[in-house]
2 protein chains.
Amino acid sequence: MKRILIIGAGRSTSHLIQYLGNLAKEKNWHITIADINIEMARSKVFNDYMQAFFLDISDIKNTDEAIQDTDIVVSMLPAHMHISVAKLCLKHRKNLVTASYMSDEMIALSKEAQNKNLIFLNEIGVDPGLDHLSAIKALNEIRNDGGEILDYESFTGGLVAPGYDNNPWKYKLTWNPRNVVLAAQGGVVQFIQEGQYKFIPYNKVFRRTEIIDIEGYGKFEGYANRDSLKYRETYGLENVRTMYRGTLRRPGFCRAWNCFVELGATDDSYILDCENMTYRDYINNFLAYHPTDSVEIKLRQYLKIDQDDVDLWEKLVWLGLFENKEIGLRKATPAQILQKLLEEKWCLSPNDKDMLVMWHKIIYQKNNKKYKRELSMVCLGENETYTAMSKTVGLPLGLATKHILDGTYSQRGAVLPISADIYEPILSELSEYGIVFNEEEQIIST
Amino acid sequence: MKRILIIGAGRSTSHLIQYLGNLAKEKNWHITIADINIEMARSKVFNDYMQAFFLDISDIKNTDEAIQDTDIVVSMLPAHMHISVAKLCLKHRKNLVTASYMSDEMIALSKEAQNKNLIFLNEIGVDPGLDHLSAIKALNEIRNDGGEILDYESFTGGLVAPGYDNNPWKYKLTWNPRNVVLAAQGGVVQFIQEGQYKFIPYNKVFRRTEIIDIEGYGKFEGYANRDSLKYRETYGLENVRTMYRGTLRRPGFCRAWNCFVELGATDDSYILDCENMTYRDYINNFLAYHPTDSVEIKLRQYLKIDQDDVDLWEKLVWLGLFENKEIGLRKATPAQILQKLLEEKWCLSPNDKDMLVMWHKIIYQKNNKKYKRELSMVCLGENETYTAMSKTVGLPLGLATKHILDGTYSQRGAVLPISADIYEPILSELSEYGIVFNEEEQIIST
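Below: a short report on this structure. (Residues numbered from 1 in each chain as written. Chains lettered and ligands numbered in written order. Predicted model: local features only at pLDDT ≥ 70, side-chain atom pairs only at ≥ 80, totals over all residues. Heavy atoms only, no water.)

So, the overall build of chain A
Inclusion rule: Helix and strand assignments come from DSSP, with helices taken as H or I runs of at least 4 residues and strands as E runs of at least 2, each series counted from the N terminus. Both definitions apply: the radius of gyration is a C-alpha atom measure, and the globule rule equals 2.2 Å times residues to the power 0.38. Think of it in three bands: with a 1.4 Å probe and only protein chains considered, a residue is buried below 20% of the maximum accessible area for its type, exposed above 50%, and partly exposed in between. The contact rule is simple, with two residues in contact once any of their heavy atoms fall within 4.5 Å.
When its secondary structure is counted, chain A shows 16 helices and 18 strands. In terms of C-alpha radius of gyration, chain A reaches 23 Å, essentially the compact-globule figure of 22 Å for 446 residues. Taken along the three principal axes of its C-alpha coordinates, chain A extends 75 × 60 × 40 Å. Taken over 446 residues, chain A has a buried fraction of 57%. Considering only contacts in chain A between residues 6 or more positions apart, those separated by 24 or more positions represent 71%.

Some details on the interface of chain A and chain B
Accessible area lost during the coming together of the parts is what is often quoted as the interface size. Under the convention used in this document: Once two parts are joined, some of their accessible surface, as seen by a 1.4 Å probe, is lost; buried area is that loss totalled over both. When a carboxyl oxygen of Asp or Glu is within 4 Å of a side-chain nitrogen of Lys or Arg, the pair counts as a salt bridge. Polar contact is the term for a pair of N or O atoms within 3.5 Å; when the atoms are in protein, one must be able to donate a hydrogen and the other to accept it, and sequence-neighboring residues count only if both atoms are side-chain atoms. Note that Gly is not counted as nonpolar here; it falls among the polar residues with everything else outside the nonpolar set of Ala, Val, Leu, Ile, Met, Phe, Trp, Tyr, Cys and Pro and the charged set of Asp, Glu, Lys and Arg.
Of the residues lining the interface, 30 residues belong to chain A; the matching set on chain B comes to 30 residues. The contact between chain A and chain B buries some 2,500 Å² in all, and 51% of this surface belongs to carbon and sulfur atoms. Our enumeration of links across chain A and chain B arrives at two salt bridges. For the salt bridge of Lys204(A) with Glu262(B), the shortest nitrogen-to-oxygen distance reads 3.1 Å. Taken together, chain A and chain B are joined by 16 residue pairs in polar contact (both at pLDDT 80 or more). Top contributing element to the side of chain A that touches chain B by residue count: strand β9 (residues 196-200) of chain A, with five residues. Looking at the side of chain A that touches chain B residue by residue, the classes come out as 15 nonpolar, six polar and nine charged.

Here's the deal with the packing of aromatic side chains
Which entries qualify depends on this criterion: In this scheme Phe, Tyr and Trp rings, the latter by its six-membered ring, pair at centre separations within 6.5 Å, and the angle between planes marks the pair as stacked below 30 degrees, edge-to-face above 60, and tilted otherwise. Look at NZ for Lys and CZ for Arg. If either is within 6 Å of the ring centre and within 35 degrees of the ring normal, a charge sits over the ring.
Within the structure shown, the criterion is met by 41 aromatic pairs over all chains. The ring of Phe253(A) has Arg249(A) lying over it, and the distance from NZ or CZ to the ring centre is 5.3 Å. Over the aromatic face of Tyr371(B) sits the side chain of Lys366(B), whose NZ or CZ is 5.9 Å from the ring centroid.

Focus on the packing of helix α3 (residues 60-68) of chain A against helix α4 (residues 82-92) of chain A
Residues and elements named next belong to chain A. Filter applied, for reference: Under this scheme, a helix contributes an axis fitted over its contacting stretch, all axes are lines through C-alpha atoms, and angles between N-to-C directions fall in the 0 to 180 degree range. Oblique is the label for any angle not covered by the other classes, which are roughly parallel (under 35 degrees), roughly antiparallel (over 145) and roughly perpendicular (65 to 115). Here a crossing is taken to be left-handed if its near helix is turned anticlockwise relative to the far helix by less than a right angle, and right-handed if that turn runs clockwise.
The geometry of α3 relative to α4 is characterised by a closest axis approach of 9 Å and an angle of 50° between their N-to-C directions. With respect to α4, the axis of α3 lies oblique. The handedness of the crossing between α3 and α4 is right-handed. Together, Thr 63, Asp 64, Ile 67 and Gln 68 of α3 and Val 85, Leu 88, Cys 89, Lys 91 and His 92 of α4 make up the contact between the two elements. The class makeup of the residues in the contact of α3 with α4 is four nonpolar, three polar and two charged.

A short note on the pairing of strand β5 (residues 95-98) of chain B
Residue and element names in this part refer to chain B. Filter applied, for reference: Between any two strands, at least two bridges found by DSSP are needed for them to pair. The handedness of a crossover follows from its direction of travel: if, with the strands pointing away from the viewer, the path from the first strand over the helix to the second runs clockwise, the crossover is right-handed.
Neither face of β5 is open: one carries Asn 95 and Val 97, the other Leu 96 and Thr 98, and all of them are buried. With four bridges connecting them, strand β4 (residues 72-75) and β5 associate as parallel partners. By the bridge assignment for β5, Ser 75 is matched with Thr 98. Where the polypeptide runs from β4 across helix α4 (residues 82-92) and back to β5, its parallel neighbour, the crossover connection is right-handed.

Examining the pattern of salt bridges
Going through the model one piece at a time under the given rule, you end up with 52 salt bridges over all chains. With a shortest N-O distance of 2.7 Å, Lys172(B) and Asp352(B) are connected by a salt bridge. Of the two residues, Lys172(B) sits in the loop between β7 (148-160) and α8 (177-181) while Asp352(B) sits in the loop between α14 (334-345) and β15 (354-366), which places them 180 residues apart along the sequence. Like Lys172(B), the residue Asp352(B) is buried in the burial classification. When the shortest N-O distance is used, the salt bridge between Asp309(B) and Arg255(B) registers 2.8 Å. On the criterion of sequence distance, the pair formed by Asp309(B) in the loop between α12 (295-302) and α13 (310-318) and Arg255(B) in helix α10 (residues 253-263) is long-range, its members being 54 residues apart. On the basis of relative accessibility, which here comes to 16%, the residue Asp309(B) falls in the buried class. The class of Arg255(B) is partly exposed, set by a relative accessible area of 32%. Salt bridges sharing common partners tie together Lys137(A), Glu141(A), Arg373(A), Glu439(A) and Glu441(A).

Describing the relation of the copies chain A and chain B
Using the following cut-off: Least squares is used to superpose the copies, and the fit set is the C-alpha atoms of residues whose pLDDT is at least 70 in both copies.
Laying chain A over chain B is done by rotating through 180° and shifting 0.0 Å along the axis; what remains is an RMSD of 0.1 Å. The symmetry that links the two subunits is that of a two-fold axis. Proximity to the rotation axis, assessed at the C-alpha, singles out Asn203(A) in chain A; its C-alpha lies 3.3 Å from the axis. In this assembly, 100% of the residues forming the interface of chain A have copies in chain B that are likewise at the interface, indicating an isologous arrangement.

Quick notes on the pairing of strand β7 (residues 148-160) of chain A
Residue and element names in this part refer to chain A. In terms of residue burial, β7 counts as a mostly covered element, since twelve of its 13 residues are buried. Here β7 pairs with strand β15 (residues 354-366) via twelve bridges, running antiparallel. Bridge pairing in β15 links Val 160 to Asp 354. Taken together, the six bridges between β7 and strand β12 (residues 242-249) define a ladder with parallel strand orientation. Across the sheet, residue Phe 155 finds its bridge partner in β12, namely Gly 246.

What to know about the sheet that holds strand β3 (residues 50-54) of chain A
All names here are of chain A. Taken together, seven strands build an open sheet; the order of strands is β3-β2-β1-β4-β5-β6-β17 and the sheet is parallel. Two strands lie at the open edges of the sheet, namely β3 and β17 (413-415), each paired on one side alone. The average angle at which neighbouring strand axes cross in this sheet is 20°, direction not considered. Across three bridges, strand β6 (residues 119-121) lies against β17 in parallel orientation. For Phe 120, the partnering residue across the bridge sits in β17 and is Ala 414. Its contacts with the sheet put helix α1 (residues 14-27) on β1 (2-7), β2 (29-35), β3 and β4 (72-75), and the angle it makes with β2 is roughly 150°.

Here's the deal with the environment of Ser390(B)
All names here are of chain B. Within the secondary structure layout, Ser 390 lies in helix α15 (residues 388-406). Given the relative accessible area of 0%, Ser 390 is considered buried. Residues Ser 390 and Leu 16, spaced 374 residues apart in sequence, show a C-alpha to C-alpha distance of 7.5 Å. Setting aside its immediate chain neighbours within four residues, Ser 390 contacts Arg 11, Ser 12, Thr 13, Ser 14, His 15, Thr 385 and Leu 395. Polar contacts involving the side chain of Ser 390 include one to the side chain of His 15, which spans 2.9 Å.

The structure is reproduced here in structure tokens:
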């Protein structure tokens, strides 16, 4: 019998646990679902091969024992908490799987993991995860067929399914709200386009968007991720003319979001004393004093919002920015206040369905012809629990966990899912669950 | 005989050294001018009571000996270098004077300085320095006369004298160019206006300016300093409705400067590989790729610069931003590249005269009437060496040094020049050197 320890039973784990739980009998697995919220862990147990377990990750002794008792750990903790788990995995010689970005600390443990014959597989959720699997498969196919990659663009977005995008922003929160508020902060956005390096400061990121059309789902807009060049070597694209990775929203979102950027409402670096402060006062903090002019007219003038720019204005009004409603926090950064408001307004209703969209565009040349290949994948959520986000994060994680337990992978140390022995079987199995990339190719010049 | 050690003989020390040197015989002083550039130090010596001294501040033994041999140290070093000097002053029980902002490290030494009967006087240049002296004197006069301060605004600018402001920006560098490029970075700008806290993000600081008119010198525009609230308690203005401190430029400067902010050209956080890069390429780094559109049209469209906005456009063209001239650096941050360009273009010519402008506005009420008092001071440079900057920085420093040697001040520890025994005599003596505040007062409501 093999033992699996899943640490963290939050809302993105539904499909992961369902997938592994359904295989447990056949595979002779025992699955422990550990969380500090034991009730949540219990609610995920659905057969006799599974058990819930109370785990406070800050209790090292408790965590140590749990890891000692397992064969593999799937860590669904916030990214910065993986390392203490990884160190215990080294201590007890256990494999590890995460959906988080590979950190420098994780890389530092790679050598010891190799020496102990362990695999620490990271970035095997959706973004990062499925983006790597699907893009590298396509890039390798083209290269193996004699093509030379010229341009690569890739966008992913966690959105709301058509019909449920019933607010002016056509957006609801399906993932960590803090990351949504702080998106594109922390340094200049950089990428390469037609051989030219390009740099976008924070105040312009949400104005330099690209429109993408996905058949059957309409138009999306994409804004650039912070460092598109990060995976250049990983993907073997050192000499590519264009490398651009970004995030998808529905058109109009970014222009409206930029109002918050220009106001300074997404700033997380200082604390406002917001006791008794209303959302209207909050917005007025960022506007010049005037004895009689309204917050509305000052905002319009400051951000140059035309009187007839109804689409943008409706978004701001709908959020309740101008309402004299108390925020209900004592001290918070501007970003935390905005997050609180968005969590109320952009909340998924119980019957809402979410949507995960991924899109890659590859331009390549072969035999003096230029081709454009586009890959798109749209995954719709089933309900509040079985979301598209949980499915596209959890299934790659679950499939990789199965393969590691089956001993399929030969790599050791801290690794990314970029080799064919990892991406081929996972992509093939994902298609059985409806996660399929639609491919289109055309000659664009000869 | 008393001994004075001046550390640093750069261009802002001309008046300081002239003032102290002229008094040396009468006062029985001996002045040592120490610098790592011994030639520069020698050039400042003009009588037998002065000597030049080679001093490398990183050579602790050398510095230790120099400080041991003196009675008072005037440190003209960059702000972060004062602390090692201050610690040696403690060791050898010497007084210290600087024109820099009081740092937390300096405050931490205050107790020991007090115990050793020493005074470490900071912020006694122009800004900080003369701004404190003149503002606090006026505020105290009003309060002593029964007035209640409602609003306080203060602006200072190091500029070019009328007639010498012969470029489209009406600006040349008279002070640390790096500080000019990085102005308003490093955190949100905050102040209080009519009882309301106001916050301005970096992308808007140079668009939220105020126009100030100074008789005989025309109009200026002021942008907000980073933390106007810093001196609220120091000035006794805890309950004031408005507290706003800023920097002066000539009108039109800030709107044009904001182009650099919006582009991201003032970013000092990442390195560009700029070997063989021209200034035109540099600007194009920040603009979207297009196969045929010019850098000029892309910039206009991106920053919404109208075709007939001649004043702004002329400023950008005059700087040579669109020229295919090589930058001549190998690796540099965007801010460093911009600084290099500005140092070439905004350079004072040998015959240019600079100008230092300071302006305070105080609104107060007394006996149910409201008054507005404005104080303005304009100091013009004499030539390239005896600049207004050097005069307004150096004379307060020199006068304070004299008073400390004379034993006039009773305070001990790390202190600011905010008490009447410090500001009264210095302001009175400064008027003999033409540094005079013009005061105007009017009733604005009854």
